[in-house]
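Residues per chain are reported as follows:
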Amino acid sequence: MQATGRTASVDDAAQRRSSALGATAQDDAEPPRRRIGRARSYKPSQEQIVLLITLALLAAFSVALPGFASIANLLNLLRSISVLGILGLGMGLIVISRGIDLSEVAIMAAGWSVALIEMQRGMPIPLAVLLALGIAAAIGMANGLIIAFIEAPPLFVTLASGFVIYGVAFWLAPAWVIYAPNDAHGLLLLGRGHLLGVPLPIFVFAGAAIAMHLFLTFTSIGRFIYAQGDNPEAARLAGISVRPLTVLAYTIVAALAWLAGLVWIGATGSMQMQVTQGTMVFDVILVVVLGGVSLAGGRGSVLSVVVGCALIGTLLNAFTIMDVNTEIQNIIRGVVLLAAILLDNWLHPRDEETARQGD
Amino acid sequence: MSATTWDATRFSKRLRASYSPRLLLSELLLKQWFEPVIPFTIMLGLFGYFAVSIHDYATFPNIQSLMRLYAEFGFVALGMAFSLISGGIDLSVGALFAVCNFATLFFLLVLGWPIAGVIAATVAVGAVLGGINGVLIGYLKARPFLTTLVTLIILRASVNLLNERYATVFATNTSDSTVWDFLGEGFVLGIPVNAAALFVTLLIGHVFLSRSRYGWHLTAIGASRKAARHAGIPVERMLFATYVLSGVLCAIGGIFYAARQSSTDSTTGVGWEFQALTAVVLGGVSLAGGKGTVWRAMIGGIIVFLLTNGLVRLGIAGYFTSAVIGIILLAAVCADVKWSKNRGKAVQKIYVNPARLPLSPAPSLRRESGTPFAQNDRLLAAEAIGLDQVEGPEDVLIDRQDRVYGSTRDGNIIRFSGPDLTRREVFAHIGGRPLGMQWDREENLIVAVAGMGVYGIRPDGQVFKVTDETNRTWYKLNDDSRLRMADDLDIGPDGRIWFSDCTTRYEMTTNSLDIIEGRPNGRLVVYDPATRKTTTVINHFHFPNGICVAHDGMSVLIGSTSLCQVFRYWIEGPNKGRLDLLIEHLPGFVDNINRASDGTYWLALVGIRTPAFDLAMRKPDFRLRMVKQVPIDEWLAPGLNHGCVLKFDETGRILESFWDPTGVNHSTLTSMREHRGYLYLGGLENNRIGRIRLPDADPDWTGYDAYWGNKRRDRH
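Since the model is a prediction, treat every value here as computed from it, not as a measurement.

Participant: Help me understand the overall build of chain B in this model?
Facilitator: The secondary structure content of chain B amounts to 19 helices and 26 strands. Principal axes of the C-alpha set define a box for chain B whose edges measure 110 × 60 × 50 Å. Excluding contacts between residues fewer than 6 apart, the proportion of contacts in chain B whose partners are at least 24 apart in sequence is 63%. Roughly 29100 Å² of accessible area belongs to chain B as shown, and the carbon and sulfur atoms make up 60% of that amount. Charge centroids of chain B, computed over 71 positive and 64 negative side chains, lie 5 Å from each other.

The structure is reproduced here in structure tokens:
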């Protein structure tokens with residue numbers, strides 16, 4: 001009697017397990033995008049709001065600002081935001097995984113400054129490009145290792161590493177502006193070239209965005225990054241190797257910083273160390289948060305970054321046309337970022353019961 | 001060998017037995033004051049380095065000017081410290097400082113207000129701007145880091161715009177107020193006025209943070225916001241107030257800076273937020289919140305200031321300073337995270353420090369050996385009292401009415417009475433773990449209670465405290481003023497209570513670790529009822545356990561469990577204060593010692609030595625590995641499945657032994673008492689009190705009479 005009872009309960013358990021497995025398989029089969037869309041339908045989607053604002057601004061500026069609505073200006077707008085966009089893709093990835101990288105701009109500047117100095121000193125250009133990539137990846141990996149294994153808060157780690165990167169890079173390449181060799185057409189092509197009349201940076205941004213979207217949506221590692229950002233502890237308990245994943249994420253950010261630097265050099269012909277001292281990294285965060293990649297982690301997508309980028313690009317372009325003072329630009333951007341953070345906070349409030357300190 | 005060399009050897013041996021670097025470290029890590037010691041040492045080292053490498057650095061005028069330069073940054077760092085302790089962060093401090101600096105100059109030079117008005121208005125500006133942060137973070141629950149980063153950008157941009165507009169106005173206007181000059185250049189008792197103000201602020205801040213209700217609320221919120229909310233602390237309001245406070249501190253800094261510099265430019269306070277962050281984290285204010293003091297923030301602040309100032313004076317380029325600050329911040333953050341996570345574990349890992357403890361050769365126990373230790377079966381016939389009604393009676397005691405008392409694990413004193421000793425009652429509940437017992441002259445039952453101290457029970461069952469602390473040893477890191485594990489006691493003819501406190505490093509539940517450590521962590525303590533004072537008589541004693549005042553009242557016999565020896569400490573007479581070794585070779589681990597009716601003594605052995613355990617006592621590394629790598633129930637232990645009682649005379653000669661070699665009825669014997677021709681047995685883990693008949697003993701002798709009645713053998 002007892003034996004039968006036990007068998008029955010074992011069977012029950014097995015059945016439950018198999019049904020649970022079935023459910024998981026079903027979930028996996030379902031396109032992840034739909035799940036995100038469904039979750040959004042409860043509240044106004046931040047991406048849609050931002051998109052609407054962008055369109056409204058575009059319309060307003062087209063009417064109000066002479067020369068804004070021309071094809072050339074719009075292409076110019078797209079080209080100018082592509083560097084910001086590529087950096088934003090990296091920042092978006094890391095914010096989705098519930099991290100942040102304040103050293104992203106410094107990585108871009110440092111890796112390329114050293115590489116350009118080496119080019120000037122006679123290093124073959126392909127080798128120097130690889131050197132820049134190597135430096136960037138090494139820094140990103142170091143960031144990731146410290147964050148993953150020492151478990152120090154990413155905000156502080158990347159803040160501090162930003163200082164270190166700037167200091168060491170300036171020691172290796174002591175100049176505020178370092179010019180690329182003029183004859184390095186291959187190097188400058190991505191930033192300068194055109195394809196079918198469209199500037200290449202736009203293609204680079206689009207390519208990177210599509211690649212990132214595919215990575216985040218259709219690879220298991222990409223889904224793991226969402227899982228980690230949503231609930232790192234649950235992800236770890238589910239068997240995801242969270243630490244290597246963190247290192248990978250920070251390395252990818254650094255690689256994207258390298259790509260952004262490549263486009264930057266093509267567009268300007270030089271790398272400016274000054275960007276490490278400015279507010280560019282906050283523009284990148286602005287782009288990401290504005291588009292709806294929540295700082296709480298696990299939310300948002302590549303589309304969020306693209307939308308955020310469009311809004312910021314529009315604003316920046318309009319500021320340039322209107323010739324607004326940099327300080328006033330900073331104030332406006334600060335207020336917009338603050339509004340975005342508060343909006344994010346309203347849409348995705350922190351759970352007071354589970355919120356962690358220090359973020 | 002002369003006496004001096006012998007003493008020297010003994011001294012160095014004792015030194016090595018008492019102190020090891022690891023031991024020192026493990027006790028250091030437990031100290032609250034140990035954490036700030038590291039940054040404090042760095043601070044002094046840094047000052048020393050610059051004093052050597054910079055000419056005229058360590059002179060009074062230079063120190064004065066350093067203080068003047070530092071004070072404003074000190075205010076800003078203090079604001080950062082408060083926000084960090086509340087579990088947030090205020091990155092806008094540098095920009096707030098710059099805004100307040102501008103505001104001061106604006107009110108003074110452009111609007112021409114009086115000084116008091118300028119100060120009040122500037123503080124109000126700081127409070128309002130801090131209040132914006134406070135509303136965003138406290139009430140709207142925005143993330144402190146990014147929120148204050150954004151306010152930093154906005155404030156910085158605003159102050160730059162304003163500076164551009166008013167720089168020439170400031171440069172051409174001056175104030176001729178003497179108060180203003182005093183704020184900028186004055187001294188108070190030789191200290192620059194801004195540094196003096198900082199010091200006063202620190203004092204107030206310290207009292208606020210560590211002694212006031214609001215400071216505690218602030219710390220509680222930082223330590224756990226959720227718990228603070230559940231405890232009814234107004235989290236939103238407190239956070240709001242914290243950022244207001246931070247803003248006010250920045251405003252005070254800004255006022256002094258304006259008074260000193262009378263100018264403003266785009267570099268005022270730039271990067272101060274990150275320097276302040278580095279400073280307070282370096283000082284040991286935890287990023288996780290809820291931990292830190294104003295002094296520690298200042299130590300960190302001074303380090304960062306000395307470093308940046310010194311590097312500039314040494315002509316080091318700015319980017320190098322940036323890298324150094326970054327590396328320090330990185331290291332401080334990592335150290336903070338790792339330290340707060342692993343401190344407890346680190347202490348646990350190195351707290352047990354076994355010492356080499358070669359025991360003297362053990363005599364043979366073989367039945368045919370012919371020694372008084374030879375094993376026999378004399379305890380097998382013991383009758384059981386209160387079988388399964390007592391939980392480990394460590395000590396037994398019998399009163400003049402023949403009632404039997406046992407001190408049990410559950411914190412009780414159990415009493416058995418009636419003709420067959422079958423009536424069980426709880427005589428008193430003390431708590432802790434009652435161990436050794438003795439009657440005083442008034443027939444109060446004095447009990448040594450592990451974990452509590454020495455307590456007494458009046459004949460009516462009422463419990464009173466005798467003592468629970470002794471004098472603290474000034475050179476010991478572990479606070480040894482509390483009695484951790486009072487083990488056994490006895491009372492001298494003058495009423496002084498002598499008792500053993502067997503360990504100062506462990507607790508009742510972990511006292512086996514003290515035996516495994518084999519260090520002299522115990523002590524002999526005396527309580528004098530006449531003066532109500534408790535004094536440590538012998539510090540550094542190897543696990544003192546049994547205590548018995550000799551029949552003549554001139555000395556105290558002390559059983560050392562971990563040394564397996566018995567000592568005699570003279571308390572009266574010409575040898576007063578001397579410690580003699582009385583019994584050198586014993587086959588087991590000594591527990592209680594009590595008087596016998598014929599002028600000799602009873603001695604209980606709680607465990608029997610084994611060659612393996614003796615070897616382990618000579619191999620400290622082995623014992624360390626055992627403690628670390630083997631679960632506690634697999635540890636090497638002495639033979640505990642024997643019961644043994646010995647009898648010895650005043651010279652320390654062993655006369656006879658009583659054995660229960662089976663360990664079934666009476667193992668781990670810790671106590672025995674003679675009473676009217678019977679010997680009563682108590683054991684630490686036993687479920688009974690045993691009793692055997694002693695045919696040759698004085699049938700009228702009782703313990704009370706041997707101390708206070710007609711059976712005394714001292715001078716009376």
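Additional details are given in the paragraphs that follow.
Participant: Even after reading the chapter, I still don't get the overall build of chain A, so can you show me in this structure?
Facilitator: Summing up its helical and strand segments, chain A has 15 helices and four strands in all. Taken across its 359 residues, chain A has 50% of its residues classed as buried. Taking the intrachain contacts of chain A between residues at least 6 apart in sequence as the baseline, contacts between residues at least 24 apart amount to 76%. Within the structure as shown, chain A displays about 16100 Å² of accessible surface, and the carbon and sulfur contribution to it stands at 67%.

Participant: Just to check I follow, could you spell out the interface of chain B and chain A for this structure?
Facilitator: One widely used convention gives an interface's size as the accessible area the parts lose upon coming together. The partner chain A presents 45 residues to the 44 residues of chain B that form the contact. Carbon and sulfur atoms supply 72% of the area that chain B and chain A bury against each other, a total of about 4100 Å² over both sides. Run the count over chain B and chain A and you get three residue pairs in polar contact (both at pLDDT 80 or more). Of all the secondary-structure elements, those providing two or more residues to the side of chain B that touches chain A are α7 (144–172), α10 (213–223), α11 (225–230), α13 (272–283) and α15 (318–351) of chain B. When residues in the side of chain B that touches chain A are grouped by element, the largest group, 13 residues, is from α7(B). Of the residues belonging to the side of chain B that touches chain A, the class tally is 27 nonpolar, nine polar and eight charged.

Participant: Before we go on, may I ask you to explain the side chain of B:Thr470 in this structure?
Facilitator: Residue and element names in this part refer to chain B. Relative to the helices and strands, Thr470 resides in the loop between β11 (463–467) and β12 (486–491). A relative accessible area of 7% means that Thr470 is categorised as buried. The contact partners of Thr470, leaving out residues within four places of it in the chain, are Asp480, Ser481, Leu483, Arg523, Val525, Thr534, Thr535 and Thr536.

Participant: Hey, could you run me through the packing of helix α3 (residues 46–64) of chain A against helix α14 (residues 302–322) of chain A in this one?
Facilitator: When two helices pack together, their arrangement is given by the angle between the helix axes and by the axis-to-axis distance. Residue and element names in this part refer to chain A. The N-to-C vectors of α3 and α14 enclose an angle of 25°; their axes lie 9 Å apart at closest approach. Overall, the two elements α3 and α14 adopt an arrangement that is roughly parallel. Between α3 and α14 lies a crossing of left-handed hand. Every residue of α14 that contacts α3 at Glu47, Val50, Leu51, Ile53, Thr54, Leu57, Leu58 and Phe61 is listed here: Leu303, Ser304, Val307, Gly308, Ala310, Leu311, Thr314, Leu315, Ala318 and Met322. Partitioning the contact of α3 with α14 into residue classes produces 13 nonpolar, four polar and one charged.

Participant: Looking at this structure, how should I read the environment of B:Val454?
Facilitator: Along the polypeptide, B:Val454 turns up in strand β10 (residues 453–457). When residues no more than four places from it in sequence are discounted, the contact partners of B:Val454 are B:Ile446, B:Val447, B:Lys465, B:Val466, B:Thr467, B:Leu483, B:Ala486, B:Leu489 and B:Phe499.

Participant: What should I look at first to understand the nonpolar core in this one?
Facilitator: Within the largest apolar cluster, 205 residues are counted, with the highest numbers of intra-cluster contacts made by A:Trp112, A:Leu187 and B:Leu277. Among the elements that make up this core, the one with the highest residue count is helix α12 (residues 242–268) of chain A (15 residues). Beyond its immediate sequence surroundings of up to four residues, B:Leu277 is in contact with A:Phe156, A:Leu159, B:Met80, B:Leu84, B:Ile89, B:Leu287 and B:Leu329.

Participant: Even after reading the chapter, I still don't get the sheet that holds strand β15 (residues 533–541) of chain B, so can you show me in this structure?
Facilitator: Paired through their backbone hydrogen bonds, the strands of a sheet run either parallel or antiparallel. Residues and elements named next belong to chain B. The sheet built from four strands is open, its strands ordered β12-β13-β14-β15 with antiparallel pairing. Only two strands of the sheet have a single neighbouring strand rather than two, namely β12 and β15. Ignoring strand direction, the axes of neighbouring strands in this sheet form an average angle of 20°. Of the pairings in the sheet, the one linking strand β13 (residues 497–501) to strand β14 (residues 522–528) comprises five bridges and is antiparallel in character.

Participant: For this particular structure, what's the right way to read the packing of aromatic side chains?
Facilitator: We describe a pair of aromatic rings using the distance from one ring centre to the other and the angle between the two ring planes. Residue and element names in this part refer to chain B. Scanning all chains against the criterion turns up 37 aromatic pairs over all chains. Where Phe75 meets Phe256, the ring centres are 6.0 Å apart and the plane angle is 15°; that geometry is what we call stacked. Placement of the pair is Phe75 in helix α4 (residues 60–85) and Phe256 in helix α12 (residues 235–261), with a sequence separation of 181 residues. The same class applies to Phe75 as to Phe256, namely buried. Plain terms: the ring middles of Tyr678 and Tyr680 are 6.4 Å apart, the flat faces sit at 55° to each other, and that makes the pair tilted. Relative accessible area serves as the criterion here: at 21%, Tyr678 is assigned to the partly exposed category. Among the residues examined, Tyr680 registers a relative accessible area of 3% and is labelled buried. Joined through ring pairs, the aromatic side chains of Tyr70, Phe73, Phe97, Tyr257, Trp272 and Phe305 make up one cluster. Over the ring of Trp570 we find Arg568; its NZ or CZ atom is 5.4 Å from the centre of that ring. Over the ring of Tyr707 we find Arg595; its NZ or CZ atom is 3.7 Å from the centre of that ring.

Participant: Mind showing me how you'd approach empty space enclosed by the protein here?
Facilitator: It is the rolling of a water-molecule-sized probe over the atoms that shows where space remains empty. Residue and element names in this part refer to chain B. Counted according to the given criterion, the structure contains four cavities of 30 Å³ or more. Size it by volume and the largest cavity reaches roughly 100 Å³. Taken together, Leu397, Ile398, Gln438, Asn594, Arg595, Met672, Arg673, Glu674, His675, Trp701, Gly703 and Tyr707 make up the lining of the largest cavity. Those elements giving two or more residues to the lining of the largest cavity turn out to be β4 (396–398), β20 (588–595), β24 (669–675) and α19 (703–708). No other element matches the four residues that β24 contributes to the lining of the largest cavity. Looking at the lining of the largest cavity residue by residue, the classes come out as five nonpolar, four polar and three charged.

Participant: Any chance you could explain a nonpolar patch on the surface here in plain terms?
Facilitator: A surface patch of nonpolar side chains, amounting to about 350 Å² of accessible area, comprises B:Tyr49, B:Leu314, B:Ile316 and B:Phe320. For B:Leu314, the position within the fold is in the loop between α14 (294–313) and α15.

Participant: Mind showing me how you'd approach the UniProt feature "domain: Strictosidine synthase conserved region" (unreviewed entry) in chain B here?
Facilitator: Under the UniProt annotation, the feature "domain: Strictosidine synthase conserved region" (unreviewed entry) is placed at residues 487–573 of chain B. Segment residues 487–573 of chain B splits into 8% helix and 51% strand. End C-alpha atoms: 26 Å apart.

Participant: How should I be thinking about the domain arrangement of chain B in this particular structure?
Facilitator: Residues and elements named next belong to chain B. What the domain assignment lists for chain B is domain 1 (20–348) and domain 2 (372–471 + 480–708). Placing a centre on the C-alpha atoms of domain 1 and another on those of domain 2 gives a separation of 59 Å. Between domain 1 and domain 2, the buried area comes to about 330 Å², and carbon and sulfur atoms account for 42% of it. The tally of links from domain 1 across to domain 2 stands at one salt bridge.

Participant: For this particular structure, what's the right way to read the sheet that holds strand β22 (residues 643–648) of chain B?
Facilitator: Residue and element names in this part refer to chain B. Within the open sheet, the four strands sit side by side as β20-β21-β22-β23. Their pairing is antiparallel. Both outer strands of the open sheet, β20 and β23 (654–660), are each paired with one neighbouring strand and no more. Strand-to-strand twist across the sheet, computed as the mean angle between neighbouring axes with direction ignored, equals 25°. Here β22 runs beside β23; their pairing, made up of six bridges, is antiparallel. Note on β23: the bridge partner recorded for Lys647 is Glu656.

Participant: Would you mind going over the pattern of salt bridges with me for this structure?
Facilitator: Between side chains of opposite charge, pairing is possible as soon as their charged atoms come close. All names here are of chain B. Applying the stated rule across the entire model yields 39 salt bridges over all chains. Glu391 is the salt-bridge partner of Arg409, the closest N and O atoms lying 2.9 Å from each other. Linking Arg409 in the loop between β5 (404–407) and β6 (412–417) with Glu391 in the loop between β3 (383–385) and β4, this pair joins segments that are 18 residues apart in sequence. Between Lys476 and Asp480 there is a salt bridge, with the nearest N and O atoms lying 3.9 Å from each other.

Parameters and conventions
Residues numbered from 1 in each chain as written. Chains lettered and ligands numbered in written order. Predicted model: local features only at pLDDT ≥ 70, side-chain atom pairs only at ≥ 80, totals over all residues. Heavy atoms only, no water. Helix = DSSP H or I, 4+ residues; strand = E, 2+ residues; numbered from the N terminus. Contact = heavy atoms within 4.5 Å. Areas by Shrake-Rupley, 256 points an atom, 1.4 Å probe, with all protein chains shown as cover. Lys, Arg positive; Asp, Glu negative; His and termini not counted. Charge placed at Lys NZ, Arg CZ, Asp CG, Glu CD. Buried < 20%, exposed > 50% of the residue type's maximum accessible area, 1.4 Å probe, protein only. Buried area = accessible area lost by both parts, 1.4 Å probe. Polar contact = N/O pair within 3.5 Å; in protein donor to acceptor, adjacent residues only side chain to side chain. Nonpolar A, V, L, I, M, F, W, Y, C, P; charged D, E, K, R; others polar. Axes fitted to C-alpha atoms, helices over the stretch in contact; angles between N-to-C directions. Parallel < 35°, antiparallel > 145°, perpendicular 65-115°, else oblique. Left-handed = near helix turned anticlockwise from the far one by under 90°. Core = buried A, V, L, I, M, F, W, Y, C linked by side-chain atoms within 4.5 Å. Pairing = 2+ DSSP bridges. Phe/Tyr/Trp six-rings, centres within 6.5 Å; stacked < 30°, edge-to-face > 60°. Lys NZ or Arg CZ within 6 Å of the ring centre and 35° of its normal. 1 Å grid on protein atoms, 1.4 Å probe; cavity = no way out; pocket = protein on both sides within 12 Å on 5 of 7 lines; lining within 4 Å. Points joined across faces, edges and corners; volume = space filled by probe spheres on them. Patch = residues over 30% accessible without salt bridge, like charges linked within 9 Å, V, L, I, M, F, W, Y side chains within 5 Å. Salt bridge = Lys/Arg side-chain N within 4 Å of Asp/Glu carboxyl O. UniProt positions renumbered as here; feature names shortened; annotations may be inferred. Domains from an automatic or database assignment.

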